[in-house]
Amino acid sequence: MKRLFYRLLLGLLPFTLWAQTSNPVWFKTPLAPRLANYEIEAYVNPVEHALKGSLKLTWKNAGTEATDKLPLHLYLNAFKGPNSIFMQEGSGKLRGDRMGDDSFESSWGYCRLLSVTSEGRKLSGSYGEDESVYWINLMQAVAPGETLTLEIQWESQFPRVFARTGWSDGFLMAAQWFPKVGVYQGSQWTSDAHHADTEFFSDFGTYAVNVNVPRGFWLAHSGEAISYIDPVDGLKKDAWPDPADDKRMIYKLYAEDIHDFAFAMKSNLDWKRRDFSYRGVKVSLFYEPSHHLMIDRHVAAIEASLRLTEEWYFKYPYPVLTVVDPPENASGADGMEYPTMIMAGTNAFDPLKFRIPEVVTVHEFGHQYFYGMLASNEVDEPWLDEGFTSYFESKAMQRHYSGLFNSRRFQLPGNFQSLTSYLMTPNSDPLTRKGYESATYGNTAYTKPDMVLQQLEALLGHTTMSNVVTTYAREMAFKHPTHLDFKRIAERISGRNLDIFWSDYIMGTGTLDYQIERVSVLSVREGGWNINREGDASFESIRELLPQGRIKLERRGDIVSPITLWVKLSTGEERKVRWDGKDRWVHFDFPAPIVQAQLDPDYEYPILRDRLYASWSPKAPTRGIAYWAHLVTTFLTYCLQGIGLL
Amino acid sequence: METFQTSNEYSPQGPWAFVKKSLTPTCSREDAEFILSWVAFAVAGAWSLKSRWLDLMAYSNGSSMLAQDWGTRLSGNDLVYFLKGSPTITNVESFVGPVFIFLSLGILFLILRNGWRLQAHTLGQPAHFSPWIKGLGDALIIGLLPTILLGWLLGWLGDGLRWIGTLPAMWVAFLWSILLPMALTSFWMIQWSICRVQRLIGPVTDYKHHLRFCLNAIWKNIGSWLSLAMISTTLRLALSYGALWGAWRWGAGTSAALWSVILIQVGVTILNAGILRSLLMNVVHFLSNQHFVLKTVEDLKRRVL
């Protein structure tokens, strides 16, 4: 019955294009090569958590050779059953999120191709690595520069929200919901299956998307809604009436120079919306009514992100931005980015003002650049989007909020999360490891790159590094950069050869790990038998001279870098020495005993692994430790007294 | 003219009637031991933590300087370097050290014993271990489930406040979420105290009767005991918050500031211990009154019949 209903519906779909309206023009000159352009008609059935669609894909071969095949990503098939690559790799878990009860049919989803035609002729094909990729056999090869048009009809069944997409009660997050073409570069297609950890890679284009939904739903979406003037009340509305069904309405959406399209929907009775403009960008923020106290914080974070990205990279070029705070029982959808749309997420009340909602919002907005516009391959080099975005997030949180948490005595700096995670697994996989081949994805994609970029900044200097990242962002926007593009630009701007840096930090797994191993006092004595030129021997009594200081440094990690040692001697004299670090250890002697010593005193190495043993003093810093020990036990005592331990 | 019916002495009274009497210090050895054991918990715990952390920083006849600014400012990054840098920190136990754990547990046991000795001393009885531990079993049997149910009911209040969604309501709900579990634990502690003191006053011949009596002792005066638990918990939390707030403000930039922090900490620990002592005494006075009235009524009945 359900299938019959859909078939009937599918027949009606072309008629829903009843009132073609002229699409707005975002950019007179395209910002990106528009290689994959979509016209989509989607009919959403929120009761069944399903969507029926037809699309026209206009794809241009920008490669160097002809191709007679074309891969379509059917990402929702990752949720089809337990044998997909996604499920095999992730076992139904993704970064703390779990899929719904797998014994329920509604926890699973799929994307089913109903037909693929070109010029009215039906095309066949076969699945790739798994059912999340489908290879179409073309009737004839498409030569470089030629354009192919495909008409595709499909249906999507959404899983219970998990790993970015799906439904939860009255909320639907439609992500990776339509068949999407892979990326053809040179003579090769890139169209990886949907893996558990890694994300996506696709070409830019225009999107004209009509989404047909029941009345009473709000749609938060990528792109811009073409508004409708209601002749009854003369008001401007986002959705158009559906001429075929007065209980439904159609959102007509449009976007240029983006490479994906997502939307979320929920009843407008149970969702709040705030619209505002900042620096020429129309921002729509959709949020849970119970989260209204936190919304100003979201707005401030969005404004700060728009301002800082404009200052550091370039002005956000799109006219719109949608921010969605998903419901608490749809946390699988939050913390994700789509072109011109981000999934933030917050809670109802945060009395201690931990900047978690801000971190998420700033991070996801950062992806508008490092994913949205730079559009590197997220499967092959996840650090280019997640790492650069984490670096942006750390700097933005430090600059705008002075860290993740600020109080009189305790602070969490902007890079706290990255440092913590990095120190847990400092010798994780090389940054260039493919995402799904990495055993330390979170560290390799997010936190280690943030620390590595901070290290590069310390090496090149703040101004040069700013120029490097700005130039990289501007030159490589809309061009699918790789790490080699970043290296080329960094070397050009800084005028330095970065081969060693790249082999140590980007391609390598070593750590920068130095410590002060031992500090000692050398007694210096003189005297003993003295034989002069004439051969006369005389004995001078043994006597003590002023003692000397000795320090032993050790290199424990594999990365060799020169490091500075600062010492203060008992005479009050301060000295700095430089060790090239080539050997595993070294001794330095000083004319007086050492009273204080510190490695890397000028913080040349943010990535230095051990700062506990990078400093030394004969006297322990007791007061601060006593203070915190007293605070901890006071807190514990008061908790026990609070519960009335009798 | 005072009669049998109007005299407070001969009528059963709720716990609030004994607050003044309970607050009056007796300056007995047991009083001092109870309060000093709380001070020992706070001070000895801090001392052992401090020693442990200094040990973790010590190397090569000296120490790391990582903590040199911690008296005025602690960065989360420093904490991570400390936790990840020291090769001997593998878990919470190795971080706080076995001395802290055993010392704290030992003093906690001492606090509980001294509270019990204080109650027994007031009743002029030896503080045997048996009623104390059996009373704990009684309280678990009769007190745990009702207290949890009460907490569940009162927890709805907080949820209701959250539902209102205004900033003041959210703050009240937040404070309520801290106060409620503490006050209810305190309420259950009172139940335990009643069970053990009841066992001390009279030997348990009929166990069901004993449990019924203990349950009635608290639930027939639920408003009084609950309000007493709530108010005393609020008072203790307010004092504690004040001390922590002061310590946070002052920091330990100088030795004088550190000593001020320690002195205030000790002072508030003593005040809180005094409040807890008054709760212990209140239970004793309340049950003594209950028994006195029951005994008087029984004597009267015997005389009349």
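Residues numbered from 1 in each chain as written. Chains lettered and ligands numbered in written order. Predicted model: local features only at pLDDT ≥ 70, side-chain atom pairs only at ≥ 80, totals over all residues. Heavy atoms only, no water.

Participant: It is not clear to me how helix H3 (residues 295–312) of chain A should be interpreted in this structure. Could you clarify?
Facilitator: At 3.6 residues per turn, the α-helix brings residues three or four places apart onto the same side. The end-to-end C-alpha separation of H3 of chain A is 25 Å, in line with the 26 Å expected for 18 residues at 1.5 Å each. Within the sequence span of H3 of chain A, burial applies to Ile 295, Arg 297, His 298, Val 299, Ala 301, Ile 302, Ala 304, Ser 305, Leu 306, Leu 308, Thr 309 and Trp 312 of chain A. (Helix = DSSP H or I, 4+ residues; strand = E, 2+ residues; numbered from the N terminus. Expected span 1.5 Å × (residues − 1). Buried < 20%, exposed > 50% of the residue type's maximum accessible area, 1.4 Å probe, protein only.)

Participant: What's the story with the pairing of strand E25 (residues 281–287) of chain A in this structure? I'm lost.
Facilitator: Remark: a regular strand shows side chains that alternate across the two faces of the sheet. All names here are of chain A. Most of E25 sits out of view: 6 of its 7 residues are buried. Here 7 bridges tie strand E24 (residues 272–278) to E25, and the two strands are oriented antiparallel to one another. Counted as the bridge partner of Arg 274 is Leu 285 from E25. Remark: 2 residues form the turn of the hairpin made by E24 and E25, two consecutive strands paired antiparallel; Arg 279 in that turn has positive phi of roughly 50°. (Pairing = 2+ DSSP bridges.)

Participant: Can you help me understand the layout of surface pockets in this one?
Facilitator: Leftover empty space is mapped by rolling, across the atoms, a probe with the size of a water molecule. Size it by volume and the largest pocket reaches roughly 1,600 Å³. Together, 35 residues line the largest pocket, and Leu 352 and Phe 635 of chain A together with Tyr 241, Leu 244 and Trp 248 of chain B are the ones closest to its centre. The element contributing the most residues to the lining of the largest pocket is helix H9 (residues 222–250) of chain B, with 9 residues. Of the residues belonging to the lining of the largest pocket, the class tally is 28 nonpolar, 4 polar and 3 charged. Inspection of the lining of the largest pocket shows a minimum of three residues originating in each of domain 2 (383–506) and domain 3 (514–519 + 552–604 + 610–632) of chain A. (1 Å grid on protein atoms, 1.4 Å probe; cavity = no way out; pocket = protein on both sides within 12 Å on 5 of 7 lines; lining within 4 Å. Points joined across faces, edges and corners; volume = space filled by probe spheres on them. Nonpolar A, V, L, I, M, F, W, Y, C, P; charged D, E, K, R; others polar. Domains from an automatic or database assignment.)

Participant: How should I be thinking about the domain arrangement of chain A in this particular structure?
Facilitator: When the parts come together, some accessible area is lost, and that loss is often what is quoted as the size of the interface. All names here are of chain A. What the domain assignment reports for chain A is domain 1 (2–17 + 31–270), domain 2 (383–506) and domain 3 (514–519 + 552–604 + 610–632). A C-alpha centroid distance of 32 Å is found between domain 1 and domain 2. Every contact between the two is made by 17 residues of domain 1 and, on the other side, 8 residues of domain 2. If you sort the residues of domain 1 by the area they bury against domain 2, Asp 197, Thr 198 and Phe 204 come out on top, with a joint share of 34%. Where domain 1 meets domain 2, there are 0 salt bridges. Broken down by class, the residue content of the side of domain 1 that touches domain 2 amounts to 6 nonpolar, 4 polar and 7 charged. (Contact = heavy atoms within 4.5 Å. Buried area = accessible area lost by both parts, 1.4 Å probe. Salt bridge = Lys/Arg side-chain N within 4 Å of Asp/Glu carboxyl O.)

Participant: What is the right way to read the pattern of salt bridges from this model?
Facilitator: Two side chains bearing opposite charge may form a pair once their charged atoms approach each other closely. Residue and element names in this part refer to chain A. One pass over the full model with this rule turns up 48 salt bridges over all chains. When the shortest N-O distance is used, the salt bridge between Glu 457 and Lys 395 registers 3.0 Å. Separated by 62 residues along the polypeptide, Glu 457 in helix H8 (residues 441–460) and Lys 395 in helix H6 (residues 383–401) bring together distant segments of the chain. The exposure class of Glu 457 is buried, given its relative accessible area of 14%. Judged by relative accessible area, which is 23%, Lys 395 ranks as partly exposed.

Participant: In this structure, what is going on with unusual backbone geometry? I would like to understand it.
Facilitator: It is generally the case that most residues other than glycine have a negative phi and that most peptide bonds are trans. Positive phi values are uncommon outside glycine, yet Ser 91 of chain A reaches one of about 50°. In this structure, Ser 91 of chain A sits in the loop between helix H2 (85–90) and strand E4 (93–94). For Ser 91 of chain A, a relative accessible area of 53% translates into the label exposed. A positive phi is found at Asn 61 of chain B, a non-glycine position, where the angle reads about 55°. Counting through the fold element by element, Asn 61 of chain B comes out in the loop between strand E1 (58–59) and strand E2 (62–63). Using a relative accessible area of 75% as the deciding quantity, one classes Asn 61 of chain B as exposed.

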